[in-house]
Amino acid sequence: MIEIERKFLVTSEDFKTESFKKTRITQGFLNTDPERTVRVRLKGEQGFLTVKGKSTDNGLKRFEWEKEISKPDAEALLDLCEKGVIDKIRYEVKKGKYIFEIDEFFGNNEGLIMAELELEHENDSFEAPHWLGKEVTGDIKYYNSQLSQTPYKTW
């Protein structure tokens, strides 16, 4: 239940032609406390409830628990969320043995495109696509829970 993840800004939209899957995601937060965030997500036709713990100092690791819930349950819970629902399209790109998840944000976060990569171990090496930009792992302002409160357009 420990997630090891790195985050990067994306420098071009070339990932779209390399993508094998894209999914619309709507998500909100029942709790945005950095010690424990509680997220409700509607990913296509699937709903999810996720609890994340506080990140390590370097931002690479944190506790994550996720449970699939019904679409109607997710829609009902989204109505209870704090202000600042996140709207994005997630593209998936396979590079080597890993899959990059690239989020193109809309609404108040429009203009922000970020790639996430889940690793098996903190020090795993990976093949970086040419469109991968600056690493923002551990920079809390890029956490979705924070983007819901302080959107990209307000920076």
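Everything discussed here concerns the structure shown above.
> It is not clear to me how the pairing of strand 6 (residues 86-95) should be interpreted in this structure. Could you clarify?
The side chains of a regular strand alternate, first on one face of the sheet and then on the other. Where burial is concerned, most of strand 6 is hidden: 7 out of the 10 residues are buried. When strand 2 (residues 21-31) meets strand 6, the two strands line up antiparallel, connected through 7 bridges. Counted as the bridge partner of Gln27 is Ile86 from strand 6. One ladder, built from 8 bridges, connects strand 6 with strand 7 (residues 98-105); its direction is antiparallel. The partner of Lys95 across the bridge, within strand 7, is Tyr98.

> Explain the layout of surface pockets here, please?
Over the atoms rolls a probe the size of a water molecule, and in doing so it shows where empty space is left. Taken as a whole, the largest pocket holds about 320 Å³ of empty space. Taken together, 23 residues line the largest pocket, and the ones lying closest to its centre are Glu3, Arg39, Arg41, Lys52 and Glu64. For the lining of the largest pocket, the element with the most residues is strand 3 (residues 36-43), which contributes 4 residues. Broken down by class, the residue content of the lining of the largest pocket amounts to 3 nonpolar, 4 polar and 16 charged. Computed from the structure, the second largest pocket encloses a volume of approximately 160 Å³.

Rules used throughout
All residue numbers refer to position in the chain's written sequence, counted from 1. Residues qualify for local features only when their pLDDT is at least 70, as the model is predicted, and side-chain atom pairs are given and counted only at 80 or more; totals for whole chains, interfaces and linings, by contrast, use all residues. The basis for every side-chain value is the complete set of heavy atoms in the structure, and neither hydrogens nor water enter the calculation. Only protein chains enter the area calculation, which uses a 1.4 Å probe; residues under 20% of their type maximum are buried, those over 50% are exposed, and those in between are partly exposed. Secondary structure elements are defined from DSSP: runs of H or I of at least 4 residues count as helices, runs of E of at least 2 residues count as strands, and each element is numbered from the N terminus. Strand pairing is assigned whenever DSSP identifies at least 2 bridges connecting the two strands. Cavities and pockets were defined on a 1 Å grid built from protein atoms only: a cavity is a group of points that admits a 1.4 Å probe but offers it no way out, a pocket is an open group of points flanked by protein on both sides within 12 Å along at least five of seven lines, and a lining residue is one with an atom within 4 Å of any such point. Grid points are joined across faces, edges and corners, and a volume is the space filled by probe spheres set on the points. In this count, Pro and Cys sit with the nonpolar residues alongside Ala, Val, Leu, Ile, Met, Phe, Trp and Tyr, while Asp, Glu, Lys and Arg are called charged and the others, Gly among them, polar.

Nothing here speaks to function; it is geometry throughout.
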